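Examination of the molecular architecture
Spelled out, the chains give:
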Amino acid sequence: MRVVHSPRHRSHDPKHELADGEAIDAYEVPERAESIRRSLAADGAFTFEEPTEHGAEPITLVHDPAMLAFLETAWHDWVSSGETADEIFPDTFVLPALREGMGPVRAPGTVRGAVGMWCFDTATPMVEGTYAAARAAVDVALTAMDLALGGEPSTYGLCRPPGHHAARAMFGGYCFFNNAAIVAEQLTRQTGEPVAILDVDYHHGNGTQQIFYGRADVLYVSLHGDPDRAYPYFAGFADETGADAGAGANLNLPLPLGCSNEEYLAHLDRGLEAIAGFGGSTLVVSLGIDTYGRDPICDLALTTEVYHEVGRRVAALGRTTVVLQEGGYFVPHLGENVRTWLRGLDGRGLDLSALPDV
Ligand code: OKP
Ligand code: ZN
(Lines give C-alpha, C1' and ligand atoms only; values in the text may rest on other atoms or scores of the structure.)
(Ligands and ions follow the chains in the order given, each with its own letter.)
Protein backbone atom coordinates (compact mmCIF):
# COMPACT_ATOMS: atom_id res chain seq x y z
CA MET A 1 0.00 0.00 0.00
CA ARG A 2 1.22 3.48 -0.85
CA VAL A 3 1.64 5.82 2.09
CA VAL A 4 1.96 9.59 1.85
CA HIS A 5 3.96 11.22 4.62
CA SER A 6 5.64 14.59 5.11
CA PRO A 7 8.33 15.37 7.70
CA ARG A 8 6.77 18.86 7.83
CA HIS A 9 4.35 17.65 10.51
CA ARG A 10 7.19 17.98 13.04
CA SER A 11 7.02 21.76 12.88
CA HIS A 12 3.67 21.59 14.67
CA ASP A 13 5.10 20.84 18.09
CA PRO A 14 2.72 22.21 20.74
CA LYS A 15 3.87 21.78 24.33
CA HIS A 16 0.61 22.22 26.20
CA GLU A 17 -3.13 22.01 26.22
CA LEU A 18 -5.41 23.31 28.94
CA ALA A 19 -7.33 20.92 31.17
CA ASP A 20 -9.26 21.84 34.30
CA GLY A 21 -7.58 25.21 34.41
CA GLU A 22 -4.06 23.86 34.12
CA ALA A 23 -1.54 23.53 31.34
CA ILE A 24 -0.83 19.84 30.78
CA ASP A 25 1.49 18.12 28.30
CA ALA A 26 0.03 18.16 24.79
CA TYR A 27 -1.38 14.81 23.61
CA GLU A 28 -1.24 15.62 19.92
CA VAL A 29 2.55 15.47 19.48
CA PRO A 30 5.00 14.71 16.63
CA GLU A 31 5.94 11.35 18.15
CA ARG A 32 2.46 10.09 17.20
CA ALA A 33 3.21 10.31 13.49
CA GLU A 34 6.71 8.97 14.00
CA SER A 35 5.31 5.89 15.75
CA ILE A 36 3.04 5.23 12.77
CA ARG A 37 5.78 5.84 10.24
CA ARG A 38 8.14 3.45 12.00
CA SER A 39 5.57 0.65 12.23
CA LEU A 40 4.59 0.91 8.59
CA ALA A 41 8.22 1.13 7.47
CA ALA A 42 9.14 -2.00 9.43
CA ASP A 43 6.29 -3.95 7.80
CA GLY A 44 7.88 -3.82 4.35
CA ALA A 45 4.62 -3.85 2.38
CA PHE A 46 4.13 -0.09 2.61
CA THR A 47 5.91 2.33 0.28
CA PHE A 48 6.39 5.95 1.30
CA GLU A 49 6.23 9.11 -0.73
CA GLU A 50 6.15 12.81 0.02
CA PRO A 51 3.17 14.96 -0.94
CA THR A 52 2.97 17.30 -3.90
CA GLU A 53 1.76 20.87 -3.37
CA HIS A 54 -1.89 21.45 -4.16
CA GLY A 55 -2.15 25.15 -3.31
CA ALA A 56 -4.87 26.99 -1.43
CA GLU A 57 -7.88 26.45 -3.67
CA PRO A 58 -8.90 22.99 -2.41
CA ILE A 59 -8.83 24.50 1.09
CA THR A 60 -10.99 27.53 0.32
CA LEU A 61 -13.57 25.30 -1.37
CA VAL A 62 -14.21 23.93 2.13
CA HIS A 63 -13.04 26.63 4.59
CA ASP A 64 -13.72 30.33 4.99
CA PRO A 65 -10.89 32.15 3.14
CA ALA A 66 -10.71 34.53 6.11
CA MET A 67 -9.81 31.62 8.40
CA LEU A 68 -7.08 30.51 6.01
CA ALA A 69 -5.78 34.09 5.94
CA PHE A 70 -5.82 34.27 9.75
CA LEU A 71 -3.90 31.00 10.11
CA GLU A 72 -1.41 31.99 7.43
CA THR A 73 -0.28 35.18 9.15
CA ALA A 74 -1.17 34.54 12.81
CA TRP A 75 2.32 33.58 13.97
CA HIS A 76 4.02 36.44 12.17
CA ASP A 77 1.42 38.93 13.46
CA TRP A 78 1.67 37.52 16.99
CA VAL A 79 5.43 37.98 17.13
CA SER A 80 5.51 41.33 15.35
CA SER A 81 2.95 42.76 17.78
CA GLY A 82 5.39 42.04 20.59
CA GLU A 83 3.82 38.86 22.02
CA THR A 84 6.43 36.57 23.53
CA ALA A 85 4.47 33.39 24.43
CA ASP A 86 5.42 30.45 22.21
CA GLU A 87 1.88 29.10 21.99
CA ILE A 88 -1.24 31.04 20.99
CA PHE A 89 -4.37 30.20 22.98
CA PRO A 90 -7.69 32.06 22.80
CA ASP A 91 -8.45 34.52 25.58
CA THR A 92 -12.15 34.97 24.80
CA PHE A 93 -14.52 33.09 22.47
CA VAL A 94 -17.06 34.98 20.41
CA LEU A 95 -20.12 32.93 21.36
CA PRO A 96 -23.19 34.24 19.51
CA ALA A 97 -24.59 35.55 22.82
CA LEU A 98 -21.66 37.91 23.35
CA ARG A 99 -23.00 40.33 20.75
CA GLU A 100 -26.64 39.24 20.83
CA GLY A 101 -28.82 42.15 19.76
CA MET A 102 -25.78 44.38 19.25
CA GLY A 103 -24.97 43.93 15.58
CA PRO A 104 -22.22 42.01 13.85
CA VAL A 105 -18.88 40.91 15.21
CA ARG A 106 -15.95 43.18 14.29
CA ALA A 107 -12.65 41.42 13.70
CA PRO A 108 -10.26 42.32 16.55
CA GLY A 109 -7.04 44.02 15.54
CA THR A 110 -4.79 41.66 17.50
CA VAL A 111 -4.13 37.93 17.18
CA ARG A 112 -4.90 37.54 20.89
CA GLY A 113 -8.40 38.84 20.22
CA ALA A 114 -8.95 37.49 16.73
CA VAL A 115 -8.08 33.89 17.61
CA GLY A 116 -11.35 33.79 19.58
CA MET A 117 -13.24 34.25 16.31
CA TRP A 118 -11.86 31.03 14.89
CA CYS A 119 -10.75 28.63 17.64
CA PHE A 120 -13.40 26.84 19.69
CA ASP A 121 -11.41 25.24 22.50
CA THR A 122 -8.35 25.46 24.75
CA ALA A 123 -6.60 22.33 23.50
CA THR A 124 -5.37 23.61 20.14
CA PRO A 125 -2.51 26.08 20.48
CA MET A 126 -0.85 27.49 17.39
CA VAL A 127 2.93 27.48 17.46
CA GLU A 128 5.50 28.81 15.04
CA GLY A 129 5.34 25.87 12.65
CA THR A 130 1.65 25.07 12.91
CA TYR A 131 0.58 26.63 9.66
CA ALA A 132 3.28 24.92 7.59
CA ALA A 133 2.45 21.56 9.16
CA ALA A 134 -1.30 21.99 8.68
CA ARG A 135 -0.80 22.90 5.02
CA ALA A 136 1.45 19.86 4.57
CA ALA A 137 -1.23 17.63 6.11
CA VAL A 138 -3.70 18.86 3.48
CA ASP A 139 -1.16 18.11 0.74
CA VAL A 140 -0.59 14.64 2.24
CA ALA A 141 -4.33 13.97 2.10
CA LEU A 142 -4.74 15.27 -1.45
CA THR A 143 -1.72 13.33 -2.67
CA ALA A 144 -3.13 10.13 -1.17
CA MET A 145 -6.34 10.94 -3.04
CA ASP A 146 -4.45 11.49 -6.31
CA LEU A 147 -2.85 8.06 -5.97
CA ALA A 148 -6.25 6.46 -5.38
CA LEU A 149 -7.75 8.21 -8.39
CA GLY A 150 -4.74 7.00 -10.35
CA GLY A 151 -5.85 3.42 -9.77
CA GLU A 152 -4.66 2.33 -6.31
CA PRO A 153 -7.49 0.46 -4.56
CA SER A 154 -6.53 2.01 -1.24
CA THR A 155 -4.02 4.58 -0.02
CA TYR A 156 -3.06 6.01 3.35
CA GLY A 157 -2.30 9.65 4.17
CA LEU A 158 -0.36 10.03 7.41
CA CYS A 159 -1.95 13.38 8.21
CA ARG A 160 -0.80 15.37 11.21
CA PRO A 161 -2.25 17.60 12.56
CA PRO A 162 -5.61 15.85 12.21
CA GLY A 163 -8.64 17.54 10.68
CA HIS A 164 -12.13 16.32 11.50
CA HIS A 165 -13.00 18.92 14.17
CA ALA A 166 -12.26 21.83 11.82
CA ALA A 167 -15.50 23.26 10.42
CA ARG A 168 -15.97 25.67 7.53
CA ALA A 169 -15.09 28.68 9.67
CA MET A 170 -13.66 27.24 12.90
CA PHE A 171 -10.65 25.29 14.09
CA GLY A 172 -9.98 23.37 17.31
CA GLY A 173 -9.79 19.85 18.69
CA TYR A 174 -6.11 19.61 17.62
CA CYS A 175 -7.32 20.30 14.03
CA PHE A 176 -6.72 23.29 11.72
CA PHE A 177 -7.78 22.27 8.19
CA ASN A 178 -10.24 19.44 7.63
CA ASN A 179 -8.08 17.07 5.58
CA ALA A 180 -10.87 14.51 5.04
CA ALA A 181 -13.46 17.11 4.05
CA ILE A 182 -11.05 18.73 1.61
CA VAL A 183 -10.46 15.34 -0.01
CA ALA A 184 -14.17 14.49 -0.09
CA GLU A 185 -14.93 17.82 -1.76
CA GLN A 186 -12.27 17.19 -4.40
CA LEU A 187 -13.56 13.66 -4.95
CA THR A 188 -17.06 14.93 -5.70
CA ARG A 189 -15.59 17.37 -8.20
CA GLN A 190 -13.11 15.02 -9.83
CA THR A 191 -15.31 11.91 -10.04
CA GLY A 192 -18.68 13.61 -10.55
CA GLU A 193 -20.04 11.00 -8.16
CA PRO A 194 -21.30 11.10 -4.59
CA VAL A 195 -18.71 10.36 -1.89
CA ALA A 196 -18.97 8.60 1.47
CA ILE A 197 -16.94 9.43 4.57
CA LEU A 198 -16.52 6.90 7.38
CA ASP A 199 -15.19 8.49 10.56
CA VAL A 200 -13.98 5.94 13.11
CA ASP A 201 -12.10 8.33 15.40
CA TYR A 202 -13.35 8.14 19.00
CA HIS A 203 -14.48 11.78 18.78
CA HIS A 204 -17.34 12.92 16.63
CA GLY A 205 -16.07 14.79 13.56
CA ASN A 206 -18.19 17.86 14.13
CA GLY A 207 -16.29 19.78 11.46
CA THR A 208 -16.84 17.21 8.74
CA GLN A 209 -20.50 16.88 9.70
CA GLN A 210 -20.95 20.66 9.61
CA ILE A 211 -19.27 21.09 6.23
CA PHE A 212 -21.51 18.55 4.51
CA TYR A 213 -24.66 18.75 6.63
CA GLY A 214 -26.78 20.32 3.88
CA ARG A 215 -25.30 18.26 1.05
CA ALA A 216 -26.89 15.24 -0.60
CA ASP A 217 -23.73 14.23 -2.45
CA VAL A 218 -21.56 13.53 0.60
CA LEU A 219 -22.59 10.91 3.15
CA TYR A 220 -21.02 11.32 6.58
CA VAL A 221 -21.07 8.26 8.87
CA SER A 222 -19.45 8.47 12.30
CA LEU A 223 -18.93 6.07 15.22
CA HIS A 224 -17.92 7.96 18.36
CA GLY A 225 -18.23 8.40 22.08
CA ASP A 226 -21.74 9.67 22.83
CA PRO A 227 -21.63 13.49 22.97
CA ASP A 228 -23.71 13.30 26.14
CA ARG A 229 -20.39 12.45 27.81
CA ALA A 230 -17.72 13.03 25.17
CA TYR A 231 -15.96 15.89 23.42
CA PRO A 232 -17.05 17.86 21.36
CA TYR A 233 -20.35 17.73 23.33
CA PHE A 234 -22.38 19.88 20.92
CA ALA A 235 -22.60 17.55 17.92
CA GLY A 236 -22.73 13.83 17.20
CA PHE A 237 -26.24 12.95 18.39
CA ALA A 238 -28.09 10.13 16.69
CA ASP A 239 -30.96 12.39 15.67
CA GLU A 240 -28.68 14.60 13.57
CA THR A 241 -29.43 13.18 10.13
CA GLY A 242 -28.70 16.12 7.80
CA ALA A 243 -30.59 19.23 6.73
CA ASP A 244 -32.28 20.48 3.55
CA ALA A 245 -30.89 18.64 0.51
CA GLY A 246 -28.60 16.73 2.89
CA ALA A 247 -31.47 15.21 4.86
CA GLY A 248 -30.66 11.53 5.33
CA ALA A 249 -26.98 11.90 4.36
CA ASN A 250 -25.61 12.04 7.92
CA LEU A 251 -25.47 9.03 10.23
CA ASN A 252 -24.24 9.29 13.81
CA LEU A 253 -23.67 6.11 15.79
CA PRO A 254 -22.86 7.13 19.38
CA LEU A 255 -21.03 4.48 21.39
CA PRO A 256 -21.42 3.58 25.07
CA LEU A 257 -18.77 3.96 27.74
CA GLY A 258 -16.50 0.91 27.75
CA CYS A 259 -17.74 -0.28 24.33
CA SER A 260 -16.36 -3.76 23.53
CA ASN A 261 -15.04 -5.10 20.21
CA GLU A 262 -18.33 -6.94 19.61
CA GLU A 263 -20.56 -3.95 20.32
CA TYR A 264 -18.29 -1.83 18.19
CA LEU A 265 -18.49 -4.18 15.19
CA ALA A 266 -22.28 -4.24 15.44
CA HIS A 267 -22.35 -0.44 15.21
CA LEU A 268 -19.79 -0.54 12.39
CA ASP A 269 -22.02 -2.86 10.36
CA ARG A 270 -24.85 -0.34 10.57
CA GLY A 271 -22.52 2.34 9.25
CA LEU A 272 -21.20 0.13 6.46
CA GLU A 273 -24.73 -0.79 5.44
CA ALA A 274 -25.55 2.91 5.02
CA ILE A 275 -22.42 3.41 2.93
CA ALA A 276 -23.19 0.36 0.77
CA GLY A 277 -26.62 1.84 0.05
CA PHE A 278 -25.15 5.19 -0.98
CA GLY A 279 -23.86 5.86 -4.48
CA GLY A 280 -20.34 6.48 -5.68
CA SER A 281 -17.19 4.43 -5.99
CA THR A 282 -14.94 6.20 -3.47
CA LEU A 283 -14.69 6.23 0.31
CA VAL A 284 -12.76 8.50 2.66
CA VAL A 285 -11.90 7.05 6.08
CA SER A 286 -11.09 9.32 9.02
CA LEU A 287 -8.96 6.83 10.94
CA GLY A 288 -8.70 7.56 14.65
CA ILE A 289 -7.17 4.97 16.94
CA ASP A 290 -8.33 6.68 20.14
CA THR A 291 -11.05 4.00 20.37
CA TYR A 292 -8.27 1.81 21.81
CA GLY A 293 -8.83 0.52 25.34
CA ARG A 294 -5.55 2.02 26.51
CA ASP A 295 -6.08 5.46 25.02
CA PRO A 296 -5.36 8.06 27.74
CA ILE A 297 -8.18 10.46 26.83
CA CYS A 298 -10.97 8.14 25.68
CA ASP A 299 -13.21 5.49 27.25
CA LEU A 300 -13.89 2.57 24.90
CA ALA A 301 -12.35 -0.91 25.30
CA LEU A 302 -11.22 -1.93 21.82
CA THR A 303 -8.18 -4.17 21.36
CA THR A 304 -5.66 -4.37 18.53
CA GLU A 305 -7.29 -7.42 16.86
CA VAL A 306 -10.51 -5.54 16.18
CA TYR A 307 -8.72 -3.00 13.99
CA HIS A 308 -7.84 -5.79 11.58
CA GLU A 309 -11.49 -6.82 11.38
CA VAL A 310 -12.62 -3.21 10.91
CA GLY A 311 -10.19 -2.84 8.01
CA ARG A 312 -11.44 -6.11 6.51
CA ARG A 313 -15.07 -5.05 6.71
CA VAL A 314 -14.30 -1.67 5.13
CA ALA A 315 -12.45 -3.44 2.30
CA ALA A 316 -15.53 -5.60 1.70
CA LEU A 317 -17.38 -2.46 0.53
CA GLY A 318 -15.21 -2.74 -2.58
CA ARG A 319 -14.67 1.00 -2.90
CA THR A 320 -11.56 2.97 -3.77
CA THR A 321 -10.53 4.02 -0.29
CA VAL A 322 -8.47 6.97 0.94
CA VAL A 323 -7.56 6.46 4.59
CA LEU A 324 -6.49 9.61 6.46
CA GLN A 325 -5.04 9.71 9.94
CA GLU A 326 -6.97 11.50 12.69
CA GLY A 327 -6.43 10.84 16.44
CA GLY A 328 -4.97 8.11 18.66
CA TYR A 329 -2.97 8.97 21.78
CA PHE A 330 -1.58 5.76 23.26
CA VAL A 331 1.63 6.34 21.37
CA PRO A 332 3.44 3.05 22.26
CA HIS A 333 0.80 1.05 20.33
CA LEU A 334 -0.39 3.66 17.86
CA GLY A 335 1.80 2.58 14.97
CA GLU A 336 0.99 -1.11 15.34
CA ASN A 337 -2.73 -0.40 15.63
CA VAL A 338 -2.66 1.61 12.42
CA ARG A 339 -0.59 -1.09 10.71
CA THR A 340 -3.07 -3.72 11.84
CA TRP A 341 -6.00 -1.71 10.48
CA LEU A 342 -4.32 -1.16 7.13
CA ARG A 343 -3.32 -4.83 6.83
CA GLY A 344 -6.97 -5.74 7.31
CA LEU A 345 -7.94 -3.26 4.61
CA ASP A 346 -5.27 -4.66 2.32
CA GLY A 347 -6.43 -8.27 2.70
CA ARG A 348 -3.33 -9.29 4.63
CA GLY A 349 -3.26 -11.37 7.80
CA LEU A 350 -3.35 -10.30 11.42
CA ASP A 351 0.18 -9.89 12.77
CA LEU A 352 0.55 -8.95 16.41
CA SER A 353 4.23 -9.91 16.58
CA ALA A 354 5.51 -6.31 16.70
CA LEU A 355 3.07 -4.99 19.32
CA PRO A 356 5.33 -3.70 22.11
CA ASP A 357 4.83 -5.29 25.52
CA VAL A 358 4.37 -2.08 27.50
C1 OKP B 1 -8.99 15.20 18.51
B2 OKP B 1 -9.28 13.95 17.67
C3 OKP B 1 -9.23 19.37 27.15
C4 OKP B 1 -9.97 18.30 26.40
C5 OKP B 1 -9.66 18.48 24.97
C6 OKP B 1 -9.64 17.55 22.83
C7 OKP B 1 -9.84 16.29 22.07
C8 OKP B 1 -9.49 16.45 20.62
C9 OKP B 1 -9.49 15.12 19.91
N10 OKP B 1 -9.65 19.52 28.47
N11 OKP B 1 -9.94 17.36 24.21
O12 OKP B 1 -10.63 13.74 17.42
O13 OKP B 1 -8.67 12.77 18.17
ZN1 ZN C 1 -10.28 11.69 18.43
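In short, a report on the structure. (Residues numbered from 1 in each chain as written. Chains lettered and ligands numbered in written order. Predicted model: local features only at pLDDT ≥ 70, side-chain atom pairs only at ≥ 80, totals over all residues. Heavy atoms only, no water.)

**Some remarks on the nonpolar core**
- Counting residues in hydrophobic clusters, the biggest one holds 47 residues, and the most contacted among them are F70, L71, F171, F177, V183, V284 and L324.
- Sorting the residues of this core by element identifies α3 (65–80), α4 (111–118), α5 (130–149), α6 (179–191), β6 (195–199), α7 (206–212), β7 (218–225) and β10 (320–325) as the ones contributing at least two each.
- The contact partners of V183, leaving out residues within four places of it in the chain, are A141, L142, M145, V284, V322 and L324. (Core = buried A, V, L, I, M, F, W, Y, C linked by side-chain atoms within 4.5 Å. Buried < 20%, exposed > 50% of the residue type's maximum accessible area, 1.4 Å probe, protein only. Helix = DSSP H or I, 4+ residues; strand = E, 2+ residues; numbered from the N terminus. Contact = heavy atoms within 4.5 Å.)

**With respect to empty space enclosed by the protein**
- This structure, assessed with the given rule, holds 2 cavities of 30 Å³ or more.
- Approximately 60 Å³ is the volume found for the largest cavity.
- Together, H12, P14, H16, E17, A26, E28, A123, T124, P125, Y174 and F176 line the largest cavity.
- Class assignment of the residues belonging to the lining of the largest cavity gives a composition of 6 nonpolar, 3 polar and 2 charged.
- Here the second largest cavity is characterised by a volume of approximately 30 Å³.
- As for the second largest cavity, its lining consists of S6, R8, H9, A133, A136, A137, V140, L158 and R160. (1 Å grid on protein atoms, 1.4 Å probe; cavity = no way out; pocket = protein on both sides within 12 Å on 5 of 7 lines; lining within 4 Å. Points joined across faces, edges and corners; volume = space filled by probe spheres on them. Nonpolar A, V, L, I, M, F, W, Y, C, P; charged D, E, K, R; others polar.)

**As for the site of ligand 1**
- The environment of ligand 1 is made up of 14 residues, and the closest members are H164, H165, D201, D290 and Y329.
- Note that an oxygen atom of ligand 1 is positioned 2.7 Å from one of the side-chain N or O atoms of H165.
- D201 has a polar side-chain atom sitting 3.0 Å from an oxygen atom of ligand 1.
- When ligand 1 is considered free in solution it has 410 Å² of accessible area, and contact with the protein chains removes 84% of it.
- Among the detected pockets, ligand 1 sits in the largest pocket.
- Tallied by class, residues from the shell around ligand 1 come to 6 nonpolar, 5 polar and 3 charged. (Near = heavy atom within 4 Å. Polar contact = N/O pair within 3.5 Å; in protein donor to acceptor, adjacent residues only side chain to side chain. Areas by Shrake-Rupley, 256 points an atom, 1.4 Å probe, with all protein chains shown as cover. Sits in = over half its atoms within 2 Å of the grid points.)

**As for helix α9 (residues 304–315)**
- Over its 12 residues, α9 runs 18 Å from end to end, which matches the ideal 16 Å to within 8%, given 1.5 Å per residue.
- Buried residues of α9: T304, V306, Y307, H308, V310, G311 and V314, and no others. (Expected span 1.5 Å × (residues − 1).)

**Re the sheet that holds β6**
- Read from one edge of the open sheet, 8 strands run β4-β1-β5-β10-β9-β6-β7-β8, paired in parallel fashion. Edge positions in the sheet fall to β4 (47–49) and β8 (250–255), since each has one partner strand and no second. This sheet shows a mean twist of 20° between the axes of neighbouring strands, independent of strand direction.
- Summarising the sheet, β7 and β8 pair through 6 bridges and their orientation is parallel. Within the sheet, the bridge partner assigned to G225 lies in β8 and is L255. (Pairing = 2+ DSSP bridges. Axes fitted to C-alpha atoms, helices over the stretch in contact; angles between N-to-C directions.)

**Thoughts on unusual backbone geometry**
- The omega torsion of the bond from R160 to P161 falls at 0°, within 30 degrees of zero and hence cis.
- Locating P161 in the fold gives a position in the loop between β5 (154–157) and α6.
- P232 follows Y231 through a cis peptide bond whose omega is 10°.
- Its place among the elements puts P232 in the loop between β7 and β8.
- Phi is positive for D20, close to 50°, though the residue is something other than glycine.
- Positive phi values are uncommon outside glycine, yet Y233 reaches one of about 65°.
- Structurally, Y233 can be placed in the loop between β7 and β8.
- Residue classification places Y233 among the partly exposed residues on the basis of a relative accessible area of 45%.

**Observations regarding the packing of α9 against helix α10 (residues 331–345)**
- Relative orientation of the contacting elements α9 and α10 amounts to 30°, with a least axis distance of 6 Å. The handedness of the crossing between α9 and α10 comes out as right-handed. Contact residues: T304, Y307, H308, V310, G311, R312, V314 and A315 in α9; N337, T340, W341, R343, G344 and L345 in α10.
- Across the contact of α9 with α10, the residue classes tally to 6 nonpolar, 6 polar and 2 charged. (Left-handed = near helix turned anticlockwise from the far one by under 90°.)

**Overview of the coordination of the zinc ion (ligand 2)**
- Protein coordination at the zinc ion (ligand 2) comes from D201 (OD), D201 (OD), H203 (ND1) and D290 (OD), with a distance range of 1.9 to 2.8 Å.
- Every donor counted, the 6 donor atoms about the zinc ion (ligand 2) form angles of 52 to 160° at the centre, which fits irregular coordination.
- Sequence spacing of the donors to the zinc ion (ligand 2): D-x1-H-x86-D. Per residue, the accessibility class of D201 equals that of H203, and both read buried. (Donors = N, O, S within 2.8 Å, 3.2 Å for Na, K, Ca; no water. Tetrahedral: all angles 85-135°; square planar, octahedral: opposite > 155°, others 65-115°.)

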